[in-house]
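# Inside the fold
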Amino acid sequence: IKSREKLPYGNIYAHNSARITWSLVNVHQENVNRMTVLLANHKANNGRFYPKHAYNLDYVMDDDELLQIGITRTAIGDEPALREHLSASEQASLVLGRNGALTVGEIMDCLEADGSSINKATLQRKLRDGKGTIFVLLPGDRWGLIAKVG
């Protein structure tokens, strides 16, 4: 993470004083009345970190006048421009969630197709670190996601 991204509003004093901080990343395409935003929790002093959330903001305009905004939750993986803001583990989880169990090489192929800059060594380290909590190593050197039950 770049140092600028660590401090969402650029002031270390304000960041240190806050009990919880979030950042907002938006993706807007020209000539489309939709903006997609990613909310990411960067600091939580008195509790757990919250997961990242993505929302579509659809707006209705009449010339230059805003008439209505609709907000719907969306999957982070549905917007390629938001994927770069995910950790290596989160990106690998998205790939495995879409494709099922894969080898490291197959995961790398999917990540590269998605435009990810994660290298093979980083991916292997994240899979090993998450083994037993997020990921499971299956026969045939294939990695999968651990199912959450309950």
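Residues numbered from 1 in each chain as written. Predicted model: local features only at pLDDT ≥ 70, side-chain atom pairs only at ≥ 80, totals over all residues. Heavy atoms only, no water.

One pass over the full model with this rule turns up one aromatic pair. The interplanar angle of 25° and the centroid separation of 6.0 Å between the aromatic rings of Trp 22 and Tyr 50 together place this pair among those described as stacked. You can see Trp 22 sitting in strand S1 (residues 20–28) and its partner Tyr 50 sitting in the loop between strand S2 (34–44) and strand S3 (53–62), a full 28 residues away along the chain. Since its relative accessible area comes to 33%, Trp 22 is described here as partly exposed. In this structure Tyr 50 comes out as partly exposed when scored by relative accessible area, which is 38%. (Phe/Tyr/Trp six-rings, centres within 6.5 Å; stacked < 30°, edge-to-face > 60°. Helix = DSSP H or I, 4+ residues; strand = E, 2+ residues; numbered from the N terminus. Buried < 20%, exposed > 50% of the residue type's maximum accessible area, 1.4 Å probe, protein only.)

Attention now moves to the pattern of salt bridges. Scanning the model with the defined rule gives five salt bridges in all. Notably, a salt bridge pairs Arg 34 with Asp 58, separated by 2.6 Å at the nearest N-O pair. Of this pair, Arg 34 sits in strand S2 while Asp 58 sits in strand S3, placing them 24 residues apart in sequence. Overall, Asp 58 belongs to the partly exposed group, its relative accessible area being 26%. Between Glu 106 and Arg 142 there is a salt bridge whose closest N-O contact spans 3.3 Å. Within this pair, whereas Glu 106 is found in helix H5 (residues 104–113), its partner Arg 142 is found in strand S6 (residues 142–145), the two being separated by 36 residues in sequence. (Salt bridge = Lys/Arg side-chain N within 4 Å of Asp/Glu carboxyl O.)

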